[in-house]
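# Fold and contact review
Next come the chains, spelled out residue by residue.
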Amino acid sequence: MSQHARFNRHAMPQASPSSSPQDQAGARQQAQPSPSDVKRWRQYLADERAEAAVYRDLAQNRQGEERDILLALAEAEGRHEAHWLGLLGERAGKPRRASLRSRMLGFLARHFGSVFVLALAQRAEGRSPYAKDPNATDAMAADEQIHEEVVRGLATRGRNRLAGTFRAAVFGANDGLVSNLSLVMGMAASGVASSVVLLSGIAGLLAGAMSMGAGEFISVRSQRELLAATRPTQVTLLAAPKLDLEHNELLLVYLARGMTQEAAEHRVAERMGLLPCDCDPSLSLQPGLPDVEDQHEAVGTAWGAALSSFCFFASGAIVPILPFLFGLTGVAALVAAGVLVGLALLVTGATVGLLSGTSPLTRGLRQLAIGLGAAAVTYLLGLAFGTVVG
C-alpha cells in the first residue's frame, strides 16, 4: 500500500461504510429544498471544488510526506463535493463561482504556494459552517475540524523555516514606520523648518537601519553560538582509552548530559570497550559532520537577519518622509505621512495575523493603534518642547 493510500485510509475521518453522506443527511434534509437551500448548497459545492484545487496546487510544490498530506486533503474535499452534488442532483446547474476568499487562495496557491496560503487555508477550515448546517453530515463537520489541525501542522513547518528572518523583517519595518513617524511628528511640532524635518527623518532612517542591522546580527549570532555551545562533543571517544579505570570520571559526563544512572553506566561500558557500542549518536555528536537537521532553523542566520532588519527598517522609515521628499510642507505633509504610515502599519499587522493564523484585521488595527498612538504622544511632546524653547 502506498504512503498516499495510507493517508487516505487513516488520516481523514470517513463516514460509516453502511451509510453514505447523503443518507446521513437525508433525515435532516427537506423533501423539497427551498431556493435559499439550493443557493447555499451550490455555494458549498463551488467552495469545496476551489479548496480541493488549492490543495492540489500546493501539492505540486511539495515533495514526500507533505505532498501526500495535501493530496489527501484534496480527496477529502472531493468527498464533500460529492455530498453536495448528491443533494443538488439536477439542480446543480452550471458551476458557480467560488467565494472571493476561495478564489484568492487559489490564486496564491498557483502563483506562490507559500506559508501564507497555508495560514489562510487554516483560517478557512476553522470557519467552516458545516457544524451548524442541518444539511451537512457530522462526518463532514468533523472533517473540517481535523483539516484545520492538519493545515496548522503544515503551516507550522513553514513558519519555523522563516521564523528568524521574518521576525527581523516585520519588526524592522514596524520599528522604521513608528520611530521615524514619531521623529518627524516631534520635529514638525517643535516648529522647525520642513527642510530640518526632512534631514532629521533621513538621519533617523540611516541611524536606525544601521542600529537595527547591527543589533540583529549580534543577537542572532550570539543565540546561535549559545545553542552551539550546548552540543555534546566526541571527546569521550578520544579520552576513554586513557582513563584510569579506578577513578573513571566518564560517568559524570553522561550524568551531566541528563542521562539516568543506569543509562550512564551502560554508556561508560560502551566507551571503555566493555560492551559493543550501540549508542544514540544524538548524545555524542561528531562536530566535524553536518547536522541532519539544522537545530538553529527557527533562529535564522545572523547575516540574513541583519540584512532583513536593515532593509525593512529602511523601507519602513522612508515612508514618513516621502511627503517631504515630494515637496509637501506643514500640516499637509504631516497628514500625508500619517496616512501612508497608517496604511503600512495595517499591512504589516495583517501579515503577522495571516502567518499566525489569527484575524488579519484585528492585528492590523492593533499595529495601527500602537503606531499612531506613539506618534501622537511624540507630537504632543514636540509641541511642549517648542513652546518652552520658543
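All of these numbers come straight from a predicted model, not from anything done at the bench. (Residues numbered from 1 in each chain as written. Predicted model: local features only at pLDDT ≥ 70, side-chain atom pairs only at ≥ 80, totals over all residues. Heavy atoms only, no water.)

This paragraph deals with the UniProt feature "transmembrane region" (unreviewed entry) in the chain. The feature "transmembrane region" (unreviewed entry), as annotated in UniProt, sits at residues 183-207, 305-326, 332-356 and 368-389 in this numbering. For residues 183-207, the helix share is 84%, the strand share is 0%, and the end-to-end C-alpha distance is 12 Å. The span residues 305-326 carries 77% helix and 0% strand; its end-to-end C-alpha distance comes to 31 Å. (UniProt positions renumbered as here; feature names shortened; annotations may be inferred. Helix = DSSP H or I, 4+ residues; strand = E, 2+ residues; numbered from the N terminus.)

Turning our eyes to something else, we now look at the environment of Gly-172. Checked against the element boundaries, Gly-172 lands in helix H7 (residues 138-189). A relative accessible area of 0% means that Gly-172 is categorised as buried. In this structure, the C-alpha to C-alpha distance between Gly-172 and Ala-305, residues 133 residues apart in sequence, is 9.9 Å. (Buried < 20%, exposed > 50% of the residue type's maximum accessible area, 1.4 Å probe, protein only.)

A word on helix H12 (residues 302-317). Spanning 16 residues, H12 covers 22 Å between terminal C-alpha atoms, matching the ideal 22 Å at 1.5 Å per step. Listing the buried residues of H12 in full gives Ala-302, Ala-305, Ala-306, Ser-308, Ser-309, Phe-313, Ala-314, Gly-316 and Ala-317. (Expected span 1.5 Å × (residues − 1).)

Scanning all chains against the criterion turns up one cavity of 30 Å³ or more. In this model, the largest cavity occupies a volume close to 40 Å³. What lines the largest cavity is Glu-51, Val-54, Tyr-55, Leu-105, Ala-121, Ala-124 and Glu-125. Mapped by element, the contributors of at least two residues to the lining of the largest cavity are helix H3 (35-60) and helix H6 (115-126). Residues that form the lining of the largest cavity fall into these classes: five nonpolar, no polar and two charged. (1 Å grid on protein atoms, 1.4 Å probe; cavity = no way out; pocket = protein on both sides within 12 Å on 5 of 7 lines; lining within 4 Å. Points joined across faces, edges and corners; volume = space filled by probe spheres on them. Nonpolar A, V, L, I, M, F, W, Y, C, P; charged D, E, K, R; others polar.)

What follows concerns the confidence of the model for the chain. On average, the chain scores 75 in pLDDT, and the residues at 70 or more come to 69%. Averaged pLDDT values for the elements of the chain fall to 46 in helix H1 (residues 3-11) and rise to 92 in helix H13 (residues 322-325). Residue range residues 24-30 is modelled with pLDDT below 50. Its contacts to residues more than four positions away, or to other chains, number 17 contacts. Every residue in residues 282-299 scores below 50 in pLDDT, and together they form 36 contacts with partners more than four places removed in sequence or on other chains. (pLDDT = per-residue confidence, 0-100. Contact = heavy atoms within 4.5 Å.)

Our next topic: the nonpolar core. Across soluble globular proteins, nonpolar side chains show a tendency to be buried alongside one another. By size, the foremost hydrophobic cluster in this structure holds 23 residues, and its most contacted members are Leu-177, Leu-181, Val-184, Phe-324 and Val-341. Listing elements by their share of this core, those giving two or more residues are H7, helix H8 (194-229), H12 and helix H14 (330-356). Top contributing element to this core by residue count: H14, with six residues. Those residues in contact with Val-184, other than ones at most four positions away along the chain, are Val-197, Gly-201, Pro-320, Ile-321, Phe-324 and Leu-334. (Core = buried A, V, L, I, M, F, W, Y, C linked by side-chain atoms within 4.5 Å.)

A pair of packed helices is captured by two measures, namely the crossing angle of their axes and the spacing between those axes. In contact at an axis separation of 8 Å, H3 and helix H4 (residues 64-88) are set at 165 degrees when each is read in the N-to-C sense. As far as their axial angle goes, H4 and H3 are roughly antiparallel. Both H3 and H4 take part in a crossing whose hand is left-handed. Per-class residue counts for the contact of H3 with H4 are 16 nonpolar, two polar and eight charged. (Axes fitted to C-alpha atoms, helices over the stretch in contact; angles between N-to-C directions. Parallel < 35°, antiparallel > 145°, perpendicular 65-115°, else oblique. Left-handed = near helix turned anticlockwise from the far one by under 90°.)

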